[in-house]
Amino acid sequence: MKVKVWDIPVRLGHWLLAASYLGVFLTSRSERLLEFHTLFGYFVLAIAVLRIFWGFEAHGYSRFSQFVKGWKDVKVFLIKAIKLDLPRYLGHNPAVGWLIIYMLIASVVTALSGIVVYSGEENRGFFTGYFTYDAAVYARMVHEFFAYSMVGMVVVHISAALFHDFILRENIILSMLTGTKEDEHSYDDRISHLGAREGRHALRFAVFLLVTVLGGLSLIFLPPEGKSDIASLMSPRIRTSKGFLVHIKPSKAWQSECGMSCHDVLHPTLLPADSWRKIMGGLSNHFGEDAGLSEDLKKEILDYLTVSSAEHSTSEASMKILRSLSKGDVPLRVTIIPFWVEKHSDLTDADYKKPSIVSKSNCKACHPGANVGSFEDRDIEIPE
Ligand code: HEC
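Residues numbered from 1 in each chain as written. Predicted model: local features only at pLDDT ≥ 70, side-chain atom pairs only at ≥ 80, totals over all residues. Heavy atoms only, no water.

1. Quick notes on the coordination of the iron atom of the ligand
Applicable threshold: Any N, O or S atom lying within 2.8 Å of the metal counts as a donor, with the limit raised to 3.2 Å for Na, K and Ca; because water is left out of the atom set, some sites can appear incomplete. Any coordination sphere not matching a tetrahedral pattern (four donors, all angles between 85 and 135 degrees) or a square planar or octahedral pattern (four or six donors, opposite donors over 155 degrees apart, other angles between 65 and 115) is reported as irregular. For the purposes of this entry, the term helix denotes a DSSP run of H or I that reaches at least four residues, the term strand denotes a run of E that reaches at least two, and both are numbered from the N terminus. Burial status follows relative accessibility: with a 1.4 Å probe on protein chains alone, a residue under 20% of its type maximum counts as buried, one over 50% as exposed, and anything between as partly exposed.
At the metal site, the iron atom of the ligand is ligated by H344 (NE2) and H367 (NE2), and these contacts range over 1.9 Å. Relative to the metal, the six donor atoms surrounding the iron atom of the ligand lie at angles of 86 to 179°, and the coordination shape comes out octahedral. Placement of H344 in the loop between helix 14 (338–343) and helix 15 (349–353) and of H367 in the segment after helix 16 (363–366) is noted, with a sequence separation of 23 residues between them. The pair formed by H344 and H367 is uniform in burial state, with each residue classed as buried.

Shown next, in the form of structure tokens:
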């Protein structure tokens, strides 16, 4: 006789959570998919919180008190399981009960720490401005630890489901869709006929198990995305005085006066506003040359530079540059900023003297996105 085991909220929550997890992992290696990654993360958070709430509210097999058991029960179950004398539980067994609790807590912790990383490191999301970069560094460790532990739990979880399917001959995956199970007290009837012929099931189980484990490993070691499409790169976003995040609108005056006429320009997001003020204030002796401009042009350019300076930028490079400066430092070149020096410490003078590079300040030679303020690791290429 069939009995109802899983109510609709639990079934719906289970599959939505599974889908969100898949989404979160498939988008976890890409800077460009970061917005989708966080969207899936919010789903994970919402579903996990609702499920926790439901664990106290629901009746029957979905209620925590029905399946969360003390250590004694877990031990008895595990010993029986090792002896392959599995008692049958219609709901969660005592071991899986704790696995569920761990997965729910880990989901919440991973999502919350993700929010801190998103806001502190990327300066994005609802909580932009609430968390510092330092907080984000710690939050990232928590985020990664729990995220990877979740992959492990999902692999254990799916393996257990496959074990039920192939060895115990009970399709619990189907039960999670229909909500019903066969009302029996033990697996004896199901496994009594397990004989030589059933070896094939064991084999199939082993194959699926391998696929599950490899699937988990590939999620953990998913390679990062390939190089950016430089032509379609946008400047990093800046925060306006009203607090909005907008893309930088390149200034025509800046491009024509500083870019076209003289040299490759340094992206405004790479220096603090005070540096730009000082540079623009000393144009009559601009690195040894008179770059005299009309007052109007000067003002237009300075406005553009200060509005888009490192303090207003949301790029990782800007934040790291600012963090590495001491209070009161007003560097006139990015190449003397400690963060820059540290990042380029592997390069020698001989590297910069190559005809394809010429000088340190030819950022574009190694960072193809330099002109739009993009210095992603994956795009760096040191020319021959
Ligand atoms: C000769 C090649 C070369 C030149 C020229 C060069 N860089 Fe780099 N840059 C690198 C390499 C290589 C790294 C990666 C170092 C690492 O990750 O250990 C790097 C890293 C960086 C990073 C950190 C990126 C990150 O995500 O961690 C920034 C920002 C950066 N460079 C900015 C600049 C700027 C601005 C200029 C021009 C003033 C410049 N670079 C000139 C080779 C170069």
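2. Looking at the packing of aromatic side chains
To keep it simple, the criterion reads: When two rings of Phe, Tyr or Trp (its six-membered ring) have centres within 6.5 Å they constitute a pair, described as stacked for plane angles under 30 degrees, edge-to-face for angles over 60, and tilted for the intermediate range.
For the structure on display, the rule yields eleven aromatic pairs. A centroid spacing of 5.2 Å and a plane angle of 90° characterise the contact between F145 and F146, whose relative ring orientation is edge-to-face. Each ring, one from F166 and one from F208, has its centre 5.2 Å from the other, and the planes form 35°; the classification is tilted. Taken together, the residues span a long stretch of sequence, with F166 in helix 6 (residues 133–166) and F208 in helix 9 (residues 199–220) at a distance of 42 residues. Classification of F208 as partly exposed rests on a relative accessible area of 40%. Taken together, the ring pairs in this structure connect F56, F64 and F67 into an aromatic cluster.

3. Examining the site of the ligand
Counted only if it meets this: We define proximity as follows: a residue is near a molecule or strand when any one of its heavy atoms falls within 4 Å of that partner. Any N or O atom pair separated by 3.5 Å or less is treated as a polar contact, with the protein-specific requirement of one donor-capable and one acceptor-capable atom, and with residues adjacent in sequence counted only for side-chain atom pairs. Only Asp, Glu, Lys and Arg are considered charged in this grouping, and only Ala, Val, Leu, Ile, Met, Phe, Trp, Tyr, Cys and Pro are considered nonpolar; every other residue, Gly among them, is considered polar.
Near the ligand there are 21 residues, and of these W340, H344, C363, C366 and H367 occur at the shortest range. The separation between an oxygen atom of the ligand and a polar side-chain atom of K343 is 3.3 Å. Between the ligand and H344, the relevant distance is 2.7 Å, taken from a nitrogen atom to a side-chain nitrogen or oxygen of the residue. If you list the elements that add at least two residues to the shell around the ligand, you get helix 14 and helix 16. Broken down by element, the residue count for the shell around the ligand peaks at three residues, all from helix 14. Tallied by class, the residues present in the shell around the ligand amount to 13 nonpolar, five polar and three charged.

4. With respect to the packing of helix 1 (residues 8–26) against helix 2 (residues 34–57)
Operational definition: Helix axes are fitted to C-alpha atoms over the stretch in contact, other axes to C-alpha atoms as well, and angles between N-to-C directions run from 0 to 180 degrees. Here is the rule for angles: anything less than 35 degrees is roughly parallel, anything more than 145 is roughly antiparallel, 65 through 115 is roughly perpendicular, and the remaining ranges are oblique. For any pair of crossing helices, the crossing counts as left-handed if the nearer helix is rotated counterclockwise from the farther one by less than a right angle, and right-handed if it is rotated clockwise. Residues count as neighbours in contact if any of their non-hydrogen atoms are within 4.5 Å of one another.
For the pair helix 1 and helix 2, the least separation of the axes is 9 Å and the interaxial angle reads 155°. Taken together, helix 1 and helix 2 sit at an angle that is classed as roughly antiparallel. Crossing hand, helix 1 versus helix 2: left-handed. Residues P9, V10, G13, L16, L17, S20, Y21, G23 and V24 of helix 1 form the contact with helix 2, whose participating residues are H37, F40, G41, F43, V44, I47, R51 and W54. Its residues assigned to classes, the contact of helix 1 with helix 2 comprises eleven nonpolar, five polar and one charged.

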